[in-house]
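Structural overview for review
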Amino acid sequence: MKYFIWAYNPKVVGIRPSQGISFVVPETKTEAYLELEINQIIPVKRIDFQTVYPIFKEKQAEGEKIEDIFTLQEEIMDWVGVLKAIFVPGKTGVSDVLFKDKYYMRSVLKQEVTEPDFYELTENSAVESINEGMVKPRRADSTKGISYFKAPLPLSSLKNQSGYLSDKDLLVESFVHYDRMFTVDGYTDFQGHSRFFSHEYNNKLSDFKKTGYFTLHTSSLYYQDQQLLQKLFALSQKALQSLNVERDITPFHFEWFYSDKDQSFVFTEVGKRFGGAKIPKLVKHSFGVDLLEEYWKMQERRAEEIDWEQPLSPRVCSSSYVQLTNGKTMMESLEEKIPDLFTYEQNHPVGVQSQAAESIGDAFFLAQYTSKDAAASDMVSAKINKAFNEVCR
């Protein structure tokens, strides 16, 4: 039996009934699973290590063969890897840690791809010189906890309440000046079954507090430079080969900086999960490929049911527009005002004052729409932002 650990609604990652997978879920989500006729569930009070560990300890004592323990939840990836190492024969959980910890990730990939200069921040390493850079939590997701600096590094503000600078918490890396930012999204089993798709941000995520929104759309490389697109896929494949030492079924969400002048990619990071901003829905609308459905078929050993023809070009450009909170109040929904809309989620209630966004996860709303190409998508996103400002007080 395989075991999937997940704290959220099953619909988020397309969970469905399965004969070979049991789902470890919060008690509060039980009804959501039963509504989908998913009966192979193990409800727990909390999704954390100390709560989940005894479940597998008991199954081990009963002599059950545990085939795998896995998750798509980035914030618990490391301790799920520990469970895997303890209870799954032949598994080490190392790959889960490499995908989770940015310092280990960068160290492993240093000889494989171009990436920023970096070092782990400790009392001893703090003298290393990076004139302009970022301090970021080694194991946090999204843009949480990132601070920017110009030398000297503000050490006093980085110490914890006891005045201690932990040697396992923070990473320092040089600031990368770039023109565009691309993602690579999909999954692979390292046995000939894989999907690779690319998306592109319309502005710099590092400037999210200034811009107030971002749009992620089907990559312009599909329309402008297929050769460069294939280079991006090859770099991602190379990184995957280095990080996943266990060759298990691996979803991925890469982020790459790109310099137009140098025509070069710089690795940012990768998560062992599907991308946020509902990227699987973008892929489905643009390419007709349902990444989540295919992923679960792969986990169920049903690869023969998948049409493995890889679409080379999108039939439309699909976009996710994310409007970040700004400390103001959104007075009305924009759901009826966005053309060619296929998803709209109001994340922060209309009529309720917000707080200023601390990460790209703090959003008023997400809207997904289609357009003929990337340039048209940027025009639509500018109109959405203008409409938002008109209803924001």
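The numbering scheme is per chain: residues are counted from 1 as the chain's sequence reads. Local features in a predicted model are, by the rule used here, given only for residues with pLDDT of at least 70; side-chain atom pairs are given and counted only at 80 or more, and totals for whole chains, interfaces and linings are based on all residues. Values shown for side chains rest on all heavy atoms present in the structure; no hydrogens or waters enter the calculation.

Taking an unreviewed UniProt entry as the reference, the protein is identified by name as Carboxylate--amine ligase belonging to Lactobacillus delbrueckii subsp. bulgaricus.

With that settled, the discussion passes to the overall build of the protein. Only DSSP runs of H or I with at least four residues qualify as helices, and only runs of E with at least two residues qualify as strands; both kinds are numbered from the N terminus onward. The number of helices and strands found in the protein is twelve helices and 16 strands. Expected size for 393 residues packed as a compact globule is a radius of gyration near 21 Å; at 21 Å, the protein falls within 12% of this value. Taken along the three principal axes of its C-alpha coordinates, the protein extends 60 × 55 × 45 Å. In the protein, which comprises 393 residues, the share counted as buried stands at 55%. Within the protein, contacts between residues at least 6 apart in sequence are counted, and of these 65% link residues at least 24 apart. All accessibility values rest on the Shrake-Rupley procedure with a 1.4 Å probe; residue burial counts only the protein chains present in the view. When the accessible surface of the protein is totalled, it reaches about 18,200 Å², and 49% of it is carbon and sulfur. Here the globule rule reads 2.2 Å times residues to the power 0.38, and the radius of gyration is calculated from C-alpha atoms. Whether a residue is buried, partly exposed or exposed follows from its accessible area with a 1.4 Å probe, protein chains only, as a fraction of its type maximum: under 20%, in between, or over 50%, in that order. Contacts between residues were defined by any pair of non-hydrogen atoms, one from each residue, lying within 4.5 Å.

A 1.4 Å probe that fits into a set of points on a 1 Å grid over the protein atoms alone but cannot get out defines a cavity; an open set with protein on both sides within 12 Å along at least five of seven lines defines a pocket, and lining residues are those with an atom within 4 Å of a point. Grid points are joined across faces, edges and corners, and a volume is the space filled by probe spheres set on the points. Roughly 430 Å³ of internal volume is contained in the second largest pocket. Lining the second largest pocket are 28 residues, with Lys2, Asp68, Asp248, Ile249 and Gln299 sitting closest to its centre. Elements that contribute at least two residues to the lining of the second largest pocket include exactly strand 4 (68-70), helix 3 (77-87) and helix 11 (291-299). By residue number, the principal contributor to the lining of the second largest pocket is helix 11, which donates three residues. Class assignment of the residues belonging to the lining of the second largest pocket gives a composition of eleven nonpolar, four polar and 13 charged. Classes in brief: Ala, Val, Leu, Ile, Met, Phe, Trp, Tyr, Cys and Pro nonpolar; Asp, Glu, Lys and Arg charged; the others, Gly included, polar.

To continue, consider the packing of aromatic side chains. Put simply, two rings from Phe, Tyr or Trp (the six-membered ring, in Trp's case) pair if the centres are within 6.5 Å, and we call them stacked under 30 degrees between planes, edge-to-face over 60, tilted for the rest. Taken as a whole and assessed by the stated rule, the structure comprises 37 aromatic pairs. Aromatic pair Trp256 and Phe267: ring centres 5.4 Å apart, planes at 70°, arrangement edge-to-face. Of this pair, Trp256 sits in strand 12 (residues 250-259) while Phe267 sits in strand 13 (residues 264-271); the two residues are eleven residues apart in sequence, bridging distant segments of the chain. With relative accessibility at 0%, the residue Trp256 sits in the buried group. Its relative accessible area of 0% is what places Phe267 among the buried residues. Ring pairing ties together the aromatic residues Phe4, Trp6, Tyr8, Phe23, Tyr33, Phe70, Phe274, Tyr295 and Trp296, which thus form one cluster. Placement of a charge over a ring requires the Lys NZ or Arg CZ to be within 6 Å of the ring centre, with the centre-to-atom vector within 35 degrees of the ring normal. We note Arg138 situated over the ring of Tyr104; from NZ or CZ to the ring centre the distance is 5.1 Å. Sitting over the ring of Tyr178, Lys204 keeps its end group 4.9 Å from the ring centre.

Moving on, we come to the pattern of salt bridges. Two side chains of opposite charge can pair, provided their charged atoms sit close to one another. Salt bridge, as applied in this entry: a Lys or Arg side-chain nitrogen positioned within 4 Å of an Asp or Glu carboxyl oxygen. One pass over the structure, following the stated rule, counts 29 salt bridges. Across the pair Glu294 and Arg195 runs a salt bridge whose closest N-O atoms are separated by 2.8 Å. Taken as a pair, Glu294 in helix 11 and Arg195 in strand 10 (residues 194-201) lie far apart in primary sequence, 99 residues in all. On the basis of relative accessible area, Glu294 is assigned to the buried category, the value being 9%. If you follow the salt bridges from partner to partner, you end up with Arg16, Glu293, Lys297, Glu300, Arg302 and Glu305 in one network.

A word on helix 3. The element helix 3 is largely enclosed, with a buried count of eight among its eleven residues. Every buried residue belonging to helix 3 is among Met77, Asp78, Trp79, Val80, Gly81, Leu83, Lys84 and Phe87, and all of these are buried. Buried residues in helix 3 make contact with strand 1 (2-5), helix 2 (49-61), strand 4 and helix 4 (94-100).

Once that is clear, we can look at the environment of Arg138. Turning to its location among the elements, Arg138 is positioned in the loop between strand 6 (132-137) and strand 7 (147-150). N or O atoms within 3.5 Å of each other form a polar contact, as long as, within protein, one can give a hydrogen and the other can take it, and as long as residues adjacent in sequence are counted only when both atoms are side-chain atoms. Of the polar contacts made by the side chain of Arg138, one reaches the side chain of Asp101; its length is 3.0 Å. In terms of polar contacts, Arg138 uses its side chain to reach the side chain of Glu120, at 3.1 Å.

Once that is clear, we can look at unusual backbone geometry. Backbone phi values are negative for most residues with the exception of glycine, while trans is the configuration of most peptide bonds. For Arg247, which is not glycine, the phi torsion reads 55° and is therefore positive. Although it is not a glycine, Gln263 sits at a positive phi angle of roughly 50°. You can see Gln263 is positioned in the loop between strand 12 and strand 13. Taking relative accessible area as the criterion, Gln263 reaches 52% and is therefore assigned exposed.

Attention now moves to empty space enclosed by the protein. What the rule picks out here adds up to two cavities of 30 Å³ or more. Here the largest cavity defines a volume of roughly 60 Å³. If you trace the largest cavity, you find eleven residues lining it, with Glu74, Lys100, Lys102, Ala140 and Glu269 closest to the centre. Of all the secondary-structure elements, those providing two or more residues to the lining of the largest cavity are helix 4, helix 5 (102-109) and strand 13. Residue classes in the lining of the largest cavity are distributed as four nonpolar, one polar and six charged.

One can find Thr30 in helix 1 (residues 30-35). In this structure Thr30 comes out as buried when scored by relative accessible area, which is 18%.

This part is about a nonpolar patch on the surface. A cluster of nonpolar side chains, Phe49, Val82 and Ile86, forms an exposed patch at the surface whose accessible area comes to about 220 Å². Summarising the element assignment, Val82 is placed in helix 3. Patch construction takes residues with relative accessible area above 30% that form no salt bridge. Like charges are linked within 9 Å, and nonpolar side chains (Val, Leu, Ile, Met, Phe, Trp, Tyr) are linked within 5 Å.

Attention now moves to the pairing of strand 3 (residues 41-44). Only when DSSP finds a minimum of two bridges between them are two strands counted as paired. Taken together, the four bridges between strand 2 (residues 21-26) and strand 3 define a ladder with parallel strand orientation. Residue pairing in the sheet places Phe23 in a bridge with Ile41 of strand 3. After leaving strand 2, the chain enters helix 1 and then returns to the sheet as strand 3, a path that is right-handed. Handedness rule for crossovers: strands pointing away from the viewer, path from the first strand over the helix to the second running clockwise, crossover right-handed.

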